[in-house]
Every structure is written in C-alpha cells, then in structure tokens.
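Below are the chains, spelled out letter by letter.
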Amino acid sequence: MGSARERPSLWRWSMFAVTYQSAVWGGLSAVVACVVLMFSQLQSLQVMGPTLFLLAAMVALGELRPVVFSSTYEADGVPMSSAFVFTALYLWGVVPALVLQAFAVLISEVLQHKAAWKLFFNIGQYALSVSAAWLVLVAAGVSTDMSDGRSTFSASDLGWVVVSWFAYHFVNLTLVSGLAKYYGQSWWESFTDDLWYYTFSTVAVLALVPFIVVMAATSWQFIPLLLLPLFGVYKLAAVSKSREREALHDALTQLPNRTLFSQSMAETLEIAARDDSTVAVFLLDLDRFKEVNDTLGHPAGDQLLEVVARRVLSAVRPDDVVARLGGDEFAVLLPDVRDAGHAIEVAERIRRILAEPFRLEGVLVDVDVSIGIAVSPQDGTEVESLMRRADVAMYVAKGEQTGIEVYDIARDPNSPQRLGTVTALREALDRGQLELHYQPKVDLADGAVVGAEALVRWRHPDRGLIAPDDFVPLAERTGLVHRLTKYVLESALDQVAQWWASGLHVPVAINVSMRDLQEADLAFLVTRALDRHGLPPEALVLEVTESVLVMDPGQAVATLRDLAEVGVSSSLDDFGTGYSSLVLLEQLPVSEVKIDRSFVRRLDEVGGDPAMVRSIIGFAHGLGLTVVAEGVETASAWKMLRDMGCDVAQGFRVARPMPPGEASQWFMERVVRHADHAAGTARSELAGEGPFVPGMSPPVVPVTG
Ligand code: C2E
Ligand code: MG
Ligand code: MG
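Residues numbered from 1 in each chain as written. Chains lettered and ligands numbered in written order. Predicted model: local features only at pLDDT ≥ 70, side-chain atom pairs only at ≥ 80, totals over all residues. Heavy atoms only, no water.

Caption draft 1: Representation of the overall build of the protein chain in the model. Scanning the protein chain for helices and strands turns up 28 helices and 16 strands. Counting only residues that meet the buried cut, the protein chain has 50% of its 705 residues in that class. Considering only residue pairs separated by 6 or more positions, the protein chain has 71% of its internal contacts joining residues 24 or more positions apart. Split by element, the accessible area of the protein chain, about 32,500 Å² in all, is 58% carbon and sulfur. (Helix = DSSP H or I, 4+ residues; strand = E, 2+ residues; numbered from the N terminus. Buried < 20%, exposed > 50% of the residue type's maximum accessible area, 1.4 Å probe, protein only. Contact = heavy atoms within 4.5 Å. Areas by Shrake-Rupley, 256 points an atom, 1.4 Å probe, with all protein chains shown as cover.)

Caption draft 2: Broad picture of the pairing of strand 1 (residues 278–286). Counting buried residues in strand 1 gives 9 out of 9 residues, a clear majority hidden from the surface. What you see with strand 1 is no split at all: Thr-278, Ala-280, Phe-282, Leu-284 and Leu-286 on one side and Val-279, Val-281, Leu-283 and Asp-285 on the other are buried throughout. Pairing of strand 1 with strand 6 (residues 369–376), which is carried by 8 bridges, proceeds in the antiparallel orientation. For Phe-282, the partnering residue across the bridge sits in strand 6 and is Ile-373. (Pairing = 2+ DSSP bridges.)

Caption draft 3: Layout of helix 14 (residues 340–355). If you check helix 14, its first and last C-alpha atoms are 22 Å apart, about what 16 residues at 1.5 Å a residue would give, namely 22 Å. When we look at burial in helix 14, the residues that qualify are His-342, Ala-343, Val-346, Ala-347, Ile-350 and Leu-354. One side of helix 14 holds all its buried residues, which, seen down the axis, span an arc of 145°. Looking at the buried residues of helix 14, the elements they touch are strand 1, helix 13 (298–315), strand 3 (329–337), strand 4 (358–360), strand 6 and strand 7 (404–406). (Expected span 1.5 Å × (residues − 1). Arc of directions from axis to C-beta.)

Caption draft 4: The arrangement of the coordination of the magnesium ion (ligand 2) in detail. In the first shell of the magnesium ion (ligand 2), the protein supplies Glu-453 (OE), Asn-511 (OD1), Glu-543 (OE) and Asp-573 (OD), at 2.0 to 2.2 Å from the metal. All donors of the magnesium ion (ligand 2) come from a single chain, and their spacing in sequence reads E-x57-N-x31-E-x29-D. Between the magnesium ion (ligand 2) and the magnesium ion (ligand 3) the interatomic distance amounts to 4.2 Å, and Asp-573 serves as a bridging ligand to the pair. Here Glu-543 is found in strand 12 (residues 540–545), whereas its partner Asp-573 is found in strand 13 (residues 569–575), with 30 residues between them in sequence. Among the residues examined, Glu-543 registers a relative accessible area of 0% and is labelled buried. (Donors = N, O, S within 2.8 Å, 3.2 Å for Na, K, Ca; no water.)

Caption draft 5: Local environment of the confidence of the model for the protein chain. Averaged over the protein chain, the pLDDT score is 83; the fraction of residues at 70 or greater is 86%. Every residue in residues 71–75 is under pLDDT 50, and counting partners more than four places away or in other chains gives 10 contacts. Contacts from residues 677–705, a stretch scored under 50 in pLDDT, to residues over four places away or in other chains number 57 contacts. (pLDDT = per-residue confidence, 0-100.)

Caption draft 6: A look at helix 25 (residues 611–622). Under the 1.5 Å per step criterion, the end-to-end length of helix 25 is 16 Å for 12 residues, consistent within 8% with the ideal 16 Å. Contacts from the buried residues of helix 25 go to strand 13, strand 14 (592–595), helix 24 (597–604), strand 15 (626–629) and helix 26 (635–643). Following helix 25 by one or two positions, Gly-624 adopts a phi angle in the positive range, close to 75°.

Caption draft 7: Focus on the coordination of the magnesium ion (ligand 3). Every protein donor of the magnesium ion (ligand 3) is listed here as Asp-573 (OD), Asp-574 (OD), Glu-630 (OE) and Glu-630 (OE), and their distances to the metal cover 1.8 to 2.7 Å. Motif for the magnesium ion (ligand 3), donor spacing along one chain: D-D-x55-E.

Caption draft 8: Looking closely at a nonpolar patch on the surface. On the surface, Leu-61, Leu-64, Leu-111 and Leu-227 cluster together into a nonpolar patch covering about 360 Å² of accessible area. Looking at the element boundaries, Leu-64 is found in helix 2 (residues 42–64). (Patch = residues over 30% accessible without salt bridge, like charges linked within 9 Å, V, L, I, M, F, W, Y side chains within 5 Å. Salt bridge = Lys/Arg side-chain N within 4 Å of Asp/Glu carboxyl O.)

Caption draft 9: Spatial organisation of the site of ligand 1. Around ligand 1, a shell composed of 21 residues is seen, among which Arg-457, Asp-573, Arg-597, Glu-633 and Phe-652 lie nearest. A distance of 3.0 Å separates an oxygen atom of ligand 1 from a polar side-chain atom of Glu-453. The contact in question runs from an oxygen atom of ligand 1 to an N or O atom on the backbone of Phe-652, over 2.8 Å. Alone, ligand 1 offers 800 Å² of accessible surface; in the complex the protein occludes 87% of this. (Near = heavy atom within 4 Å. Polar contact = N/O pair within 3.5 Å; in protein donor to acceptor, adjacent residues only side chain to side chain.)

Caption draft 10: Quick peek at the packing of helix 24 against helix 26. With their axes 9 Å apart at the nearest point, helix 24 and helix 26 run at an angle of 105° to one another. With respect to helix 26, the axis of helix 24 lies roughly perpendicular. Here Val-600, Leu-603 and Asp-604 of helix 24 lie close against helix 26, whose contacting residues are Ser-636, Ala-637, Met-640 and Leu-641. (Axes fitted to C-alpha atoms, helices over the stretch in contact; angles between N-to-C directions. Parallel < 35°, antiparallel > 145°, perpendicular 65-115°, else oblique.)

Caption draft 11: Spatial organisation of the packing of aromatic side chains. As enumerated under the stated definition, the model contains 10 aromatic pairs in all. Ring centres 5.6 Å apart and planes at 80° place the aromatic pair Trp-458 and Phe-471 in the edge-to-face group. Taken together, the residues Trp-458 in strand 9 (residues 449–460) and Phe-471 in the loop between strand 10 (464–466) and helix 17 (472–478) connect sequence positions 13 residues apart. Considered together, Trp-458 and Phe-471 belong to a single accessibility category, that of buried residues. Connected via pairs of aromatic rings, a cluster forms that spans Phe-166, Phe-170, Trp-188 and Phe-191. Above the ring of Phe-358, the side-chain terminus of Arg-311 is found at 3.8 Å from the ring centroid. Against the face of Phe-652 rests Arg-656, its NZ or CZ located 3.9 Å from the ring centre. (Phe/Tyr/Trp six-rings, centres within 6.5 Å; stacked < 30°, edge-to-face > 60°. Lys NZ or Arg CZ within 6 Å of the ring centre and 35° of its normal.)

Caption draft 12: A look at the packing of helix 20 (residues 522–532) against helix 22 (residues 553–565). Contact geometry of helix 20 with helix 22 gives a least axis separation of 8 Å together with a crossing angle of 30°. With respect to their mutual orientation, helix 20 and helix 22 come out roughly parallel. Handedness of the crossing formed by helix 20 with helix 22: right-handed. From helix 20, Leu-522, Ala-523 and Val-526 reach across to helix 22, where they touch Thr-559, Asp-562 and Leu-563. In terms of residue class, the contact of helix 20 with helix 22 is built from 4 nonpolar, 1 polar and 1 charged. (Left-handed = near helix turned anticlockwise from the far one by under 90°. Nonpolar A, V, L, I, M, F, W, Y, C, P; charged D, E, K, R; others polar.)

Caption draft 13: Region of the structure containing the sheet that holds strand 3. The strand order across the open sheet built from 5 strands is 2-3-1-6-7, with neighbouring strands paired in mixed fashion. Two strands close off the open sheet at either side, each with one partner strand: strand 2 (321–326) and strand 7. Strand-to-strand twist across the sheet, computed as the mean angle between neighbouring axes with direction ignored, equals 20°. Of the strands in this sheet, strand 1, strand 2, strand 3 and strand 6 touch helix 11 (residues 258–275), which is tilted by about 15° from strand 3. Against the sheet, helix 15 (residues 383–399) makes contact with strand 1, strand 2, strand 3, strand 6 and strand 7, and its axis sits at roughly 145° relative to strand 6, the strand it touches most.

Below is the structure:
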C-alpha cells in the first residue's frame, strides 16, 4: 500500500482508530506473550532446534523477496515467509508462529523503511491474523504445541488446514481495510480491491505448507532443499510478471501501451471523481514521421520514436503517465491539473522540447507534433469519450496547423449539435435548400469580365443564410461532400447553360475539396455533366485549394491531369497559405493561381509590403499561369495589383457574390452597356477612388463566341 511517512490525521474515534488500536494492543501483546513463553521454555527451543532456526532463515529470505505475480500490483506481493510461519504453526502451535511472524514483519518493514506507526500496526495485524488461523485449528482439534515436538499432520486435517488459511487471509484483509480511510478509500472498496488477486496469491503460497510440514517433520536437513522449488516459484512469478509487463508495454520505447494507458486512465478518473480533481489527456501525433521512415529508413524511425518518448517523459512530472499508443501516436495523462490552461502550458512545454532538432543517422531532423487535449470532467468522465475527444482535438490541431488544441464541441463532427447539422445538411441537399451565389472575376487591365466563381450557401429555414465555412468543412469530414459537390456542379452548370444560351459566354468556377480529388472518377463525372448540359469543357473551371495538394499530391495530381485532358482547366485557390513546394507547382496541371486574400488585404495596410504578392505574380507568370487576386476590396489594392502585372481581380471592389438573378442582371447590364459605350471607358472608373457599386459601373463584357 502507500508509503506515506507522516502520522495519519484520523486518530479520532473512528474505524481507523478502532482497527489500529486493537491490532496494536491485541496483536502486540500476543507477540510479547509468545516471545516470553518461547524463551522461558528452553527445553522446547531445544525440541524445535535447528528446524526453527532454518525456518527463521527462510522467513528472512522470504521477506527479502516477496512473490509478485503481477506487475499491476507493484506495491504488494505476498511474502513467501507466511509459508514458513504456517509451517511453525502446524508443527508447534501459535507461540513460535507468532514470534516468527513478528520477526518477518520486522525485517520487511525495516527493508521498506516504513514509519513506526505502521510497523506496530503490521506486527499486530499479522499476529491477529495468524492467531485466527490457530483458533480455527484449536476449534477443529488439530492444534499442536511446542512440547509436541513433532506434528502428526494427517490427510483428514486438510479441510481445516485450508479453512485456517482463509481465516488468516480474511482477518488480515479486514484489518488492512480498517485503515482504508487513510488511503482515501472506503472499507468495502479496500476489502474488495483486488480481492481475487490477493486471495489467489495467498492460497498459492500457503498451499506449499503441507509439503514443508511433512519434510520438516521428517528431518530438518530437508528444509534447505526447499530453496529449489522456492526458486522455481520466484522464477514463475518473475516470468509471469515480465509477460504481463510485455503485454502492457511498448517493446520499442518501454512506455505503457494503449491497454495499460486505458487502465491507468480508468483508475485516475475514479480517484478524480472522488476528489473532485481535474484530469487532462493529451494525444500527440508526430507530423512528419512517415517522411523520416521513408527517407532515412525504419531504424532511424525507431530511434526517433525512442528519443521522442524520452523527451516527452522529461517534460512531465513523475506522476504523469506517458504512453505510446502505436505508430507515431503518443498519449499523456495528467492526473491532477488546475484547469485547461494549465494543461496547455504542459502541452506547450512538450512541443518546445520536441521542436529541438533530432539527430538521426548523422542528419538533423525536425519533426512537428500536433497535440489534442481533452479535460475531465468537462469533456467527459470516461476513458472512451475522453480519448475520442482528445483525438478530435488532435485532428483539429493537425488540420489547422495550430499545434495544440483543446477539445471544442463546436468543432466535433460527432457532437450531438454537429450530428444535428449533418442530418440537417443531408436533408437540405435532398430538399434543394443549398443555393449558389456568383462572384465575377474581371480583367485587371480593362475590367472585362473573364469568369465567375460559384459559391455555395445554405438557406436554412431557421438560421437564415449559412456561409460555406460553417458547413463545407463538416461535409468534408463526413463524406457528404461528394453529394455537395455533385449538387454544386449540377446547379452551376444549369446556370451556365442559361447564360451561354443567352450569349453570356463566361466560364464558371466551382470549388472542389480534397475528398473529391481523391475519387478517381471526378473527371468522368464532370465530362458527363457537361455533356448533359450541352456545354463545352471551357465553360467550367475547378478550384482546388493549395493545402489539398500538399496533403495528398499523388491522387490529386492524377485527377487534375485527367480533367486537363478532357479540356477542363483548374485553378489553385488560396495560394500562398498551403506551403506547397515550387517543384510541386511546376508539375501541377493547373492554368491559374489565386493569390489568397490575406496577402491582398496586406497590400492596403500601412507599410504593407507588396514583395510577397509581387514574387508570387512573377513566379506564376514564369510558369505560364494566369494570376487572380482574391479579396480585392479597395481601389488602391486594385491599382497596385494592376501595376504589378496581376491578370485578374475578384473581390467586393468588383462585386459581392450575388444570387443567380442578380448575377444575371449584373452580367447582362455589362453586355448592354458594352453596346452603348466605347471599350475602355470602364478602366478609369474601376481604378478610381469613387464608390464601386456592383451592377452600376460599366466594365466591358466581351462577348466571345
Ligand atoms: P474561396 O474559394 O477562396 O472563395 C472566396 C471567398 O472570398 C468567398 O467566401 C467570397 O465571398 C470571399 N470574398 C470574395 N471577395 C471578397 C473580398 O473582397 N473581401 C473579403 N473579405 N472576402 C471576399 P465564401 O463564399 O464565404 O466562401 C468561403 C470558402 O468556402 C471558399 O473560399 C471555398 O473554399 C469554400 N466554398 C464555397 N463554396 C464551395 C463549394 O461549393 N464547394 C466547396 N467544396 N467549397 C466551397
Ligand atoms: Mg474558390
Ligand atoms: Mg480562395
């Protein structure tokens, strides 16, 4: 049990005090009486002779190494010494048994440096337990005493012998449980805690006693022979313990594995519920582990995991549990944190320590880690739910590249609120509650409309118009995005077909997600849809965000190639935010990049540095790509972009995304104005400082075809 050294603060009249006082006074006085009795009868000492001393020696040995069958019960084993104490009991009765037992406790407590109050208690506790066994024997009439010299141990006594073991075991447990309050448990909890384990171990050790008794009764010379089978028992216990250790630990890092981590978590949560304390669970995932494995080989990967394990251990307290759940996934359990903020501090410490480069095979390697945090009780009080929520947080941290995230129900695709939204979104698709708004893309040089982007909105019966950022990511996570994309494709093409039929030959772009690109049949789907609407491939553009390509370039590039082959061009959206490599961009079958609006916005900031935008433009032109600036809101941004040679602008400066009717009118007006105005008059207006009212100013709409 625990190893607190201070005197417990429970000395009031309580179960604790009663148990303690009776064990100490009852047990200790019995021991003292027995010592006096034994040493006052010197002739009995002679009768017991070398057998007694050999048993005492075995008791000492037994205390040096208790038998521990299971690594889960680190603190307590069952001492082998009880087998010899019982041998003495069956041979010569209670007096030498109690003396040997007291001797055993003395050795054990001294070895474990226990506090004096525990020493007295333990001597008394064991004395009472052995006395209980003896009383059973007395009641059954199979008891002996020192003067008998030799026990007559017959097969018919066996039943009572076994009963005496149980008497010993249960008195022992009862007394220990009487102190349960000291360890923060109830009496019953303590009594039933690991009851089977302790009962089994006790019986396993005591089952040896009849053999020892028979041997010792024959001749004391047999006793040393016991060392061999005893050694066997130790070995067995050691093997079983190490097997169990293996089953509960990760072989590479020696950290607890998922099973043990869940066990520790369950125990911790139970204690936390009782103490009202806060528990935090982290899930850690290395961000570039696969790369290390692929480029430097598996031994380097293993080495990396070992170092990561050591570093994480060094960043937490000794009571915290660090486990490897498999692959490059680790978990940390903080049994007692102040609040989520404190947990974040620890997570930051872990991230800092893992940010130091690793030296593997002589190469310095950087790995990043994403940490998801769930905190009990607010995020759940069960192992399952907490682990799942830490996992959700970890995915958010990974996806948004924020490093650390605390679980947030609003971002959990499986939270009840969200599930409501998923179902609602599915219904919205069925009922056609999604609609597309169209935002024009215009030529920066002459204001000519060169296309439009279709942006989806959800017209929710109660919540009004919902922006795509609030439901598209959800659709992406749940696989609903395929249906969403098909829906968008169909309704965009319906609209485009109408425009083309009325002479408005603008290509329309739709946004597709990573999941769509992972489907090999996207190109087929798109061509079929174009055919059905009687439209040429030039009528459609697909926008893909850059981050998609970084995550899974292989399949995405293949799909984009297929699309390019059938004549549908693609555009790289939100460019500059996804860290795609230049090499990747060069291989990409796209014809356009869209500079992310965050860069465009910075053009307007005081002291804003246009260098980034300028270099993106230069670089994309170098690859023969058209450059579109997103989020153009001001005349000054417009002018700067035009001067830097950017090709196309999209943004509120030109027009907000408009519902189909309004968008059609906007485009039509430009066709009408175009007929009235000489080409070129629009230019100055777009670049001017005056308000730019959508649908009122007259950029030129070239009608091609
Ligand atoms: P995006 O593809 O980058 O779309 C441009 C976003 O910028 C739109 O937001 C648009 O309203 C906004 N925007 C345009 N001009 C300006 C401006 O001058 N200033 C500012 N501040 N913003 C401007 P929206 O419509 O909320 O769409 C957000 C994102 O949702 C889109 O970003 C796109 O990634 C995604 N999305 C929209 N429709 C779809 C869709 O049908 N399918 C998929 N998979 N994603 C979609
Ligand atoms: Mg887009
Ligand atoms: Mg964009």
